[in-house]
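Structural description and commentary
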Amino acid sequence: MIRRGRVEISSGFFLMTALLLYLDTENLLLLAGLACAIHECGHCAAVRLVGGRISRLRLTAVGGELQLDWRRPLTKTRELFCILAGPFMNLLTAWLLARKGAGETGQLLGGISVCLGVFNLLPIWPLDGGRVLQLLLEHLLPERWALHLVRGVSVLISGILLFFGLLQIFYTGGNLTLCVLAAWLFIGIQKRGEKTRRSHTQKIFLNGG
């Protein structure tokens, strides 16, 4: 674990980065990292805009995690706004690049930004879409039931992605991208299962960064 001020970087983050470098045959990791940075900046800007305060940013194997200062708690509406700000910034970036008629690099960044934004809206914990689903369900169900339902939906959709990843390997002869992605999601779901939604601090899991 490396700590610098409010930023923590786990060993799992470096292992995941090494794996992505190995799989990056098209040299797109730098642009993907830029899209992730834009995504995280959207979350951070939204937190500050609604009066929250970030006490820690952790980078792990399953993405980024913002830990908010418990002395400035957010309402569920404001938390929802902060969660959606990340995907919104990705889609806004893609739209601006398309409007500007960016070159090949800009088009690649725009395409990656769209994929990242849409992917994070999938109703899977620990993605932003999973957080949104949980907040919405908590308006209808007891918190514990909402947690179990979100976990069940996350496992189901991740399993479907894994199934198609295996089909992809069978038909392409070795493309592991979708299987790695599904495994990454399963790790995130497992980590979520080991935690309660709220402790003495509020946390927003901001994956994609």
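It should be noted that the structure appears before, not after, this text.
Below you will find a few notes about this structure.

Definitions and limits used
Residues numbered from 1 in each chain as written. Predicted model: local features only at pLDDT ≥ 70, side-chain atom pairs only at ≥ 80, totals over all residues. Heavy atoms only, no water. Helix = DSSP H or I, 4+ residues; strand = E, 2+ residues; numbered from the N terminus. Buried < 20%, exposed > 50% of the residue type's maximum accessible area, 1.4 Å probe, protein only. Contact = heavy atoms within 4.5 Å. Pairing = 2+ DSSP bridges. Salt bridge = Lys/Arg side-chain N within 4 Å of Asp/Glu carboxyl O. Phe/Tyr/Trp six-rings, centres within 6.5 Å; stacked < 30°, edge-to-face > 60°. Axes fitted to C-alpha atoms, helices over the stretch in contact; angles between N-to-C directions. Left-handed = near helix turned anticlockwise from the far one by under 90°. Expected span 1.5 Å × (residues − 1).

**Looking at the overall build of the protein chain**
A tally of regular secondary structure across the protein chain gives seven helices and five strands. Shown N-terminal to C-terminal, the secondary structure of the protein chain runs as helices and strands in the order β-β-α-α-β-β-α-α-α-α-α-β. Burial statistics for the protein chain: of 209 residues in total, 40% are counted as buried. Taking the contacts inside the protein chain whose residues are at least 6 apart along the sequence as the reference set, 68% of them involve residues at least 24 apart.

**What to know about the pairing of strand β3 (residues 54-60)**
The pairing of strand β2 (residues 7-9) with β3 spans three bridges and is parallel. Residue pairing for β3: E8 is matched across the bridge by R58. In this structure, β3 lies alongside strand β4 (residues 63-68), joined through six bridges in antiparallel fashion. Following the sheet pairing, T60 is matched in β4 by G63.

**Brief notes about the side chain of S113**
Turning to its location among the elements, S113 is positioned in helix α4 (residues 104-119). By relative accessible area, which is 0% here, S113 ends up buried. Once residues within four sequence positions are removed from consideration, S113 is found in contact with A35, N90, T93 and A94.

**Remarks on the pattern of salt bridges**
Counted according to the given criterion, the structure contains six salt bridges. R58 is paired through a salt bridge with E8; the nearest N and O atoms lie 3.0 Å apart. Pair noted here: R58 is in strand β3 and E8 is in strand β2, with a separation of 50 residues, a long-range link. The pair formed by R58 and E8 is uniform in burial state, with each residue classed as buried. One salt-bridge network, in which partners are shared between bridges, spans E8, R56 and R58.

**Section: the environment of L92**
Tracing the chain through its elements places L92 in helix α3 (residues 76-100). Considering only alpha carbons, one finds L92 and V114, 22 residues apart in sequence, at a separation of 8.8 Å.

**Comments concerning the packing of aromatic side chains**
Tallying each qualifying case throughout the model produces one aromatic pair. Between F163 and F164 the ring centres are 5.5 Å apart and the planes differ by 75 degrees, which places this aromatic pair in the edge-to-face class. Residue class for F164 comes out partly exposed when judged on its relative accessible area of 46%.

**Description of the packing of helix α5 (residues 128-137) against helix α6 (residues 143-172)**
For the pair α5 and α6, the least separation of the axes is 9 Å and the interaxial angle reads 145 degrees. Both α5 and α6 take part in a crossing whose hand is right-handed. Here α5 contributes G130, L133, Q134 and L137 to the contact with α6, which in turn contributes A146, L147, L149, V150 and V153.

**Observations regarding the environment of V180**
Looking at where V180 falls in the secondary structure, it is placed in helix α7 (residues 177-193). The spatial distance from the C-alpha of V180 to the C-alpha of L162 is 8.4 Å, given a sequence separation of 18 residues.

**Some thoughts on helix α2 (residues 29-49)**
Between its terminal C-alpha atoms α2 stretches 30 Å, which fits the 30 Å expected from 21 residues at 1.5 Å a residue. Taken residue by residue, α2 has L31, A35, C36, I38, H39, E40, G42, H43, A46 and V47 as its buried positions. Positive backbone phi, approximately 95 degrees, marks G51, located one or two places after α2.

These figures come from the coordinates and say nothing about function on their own.
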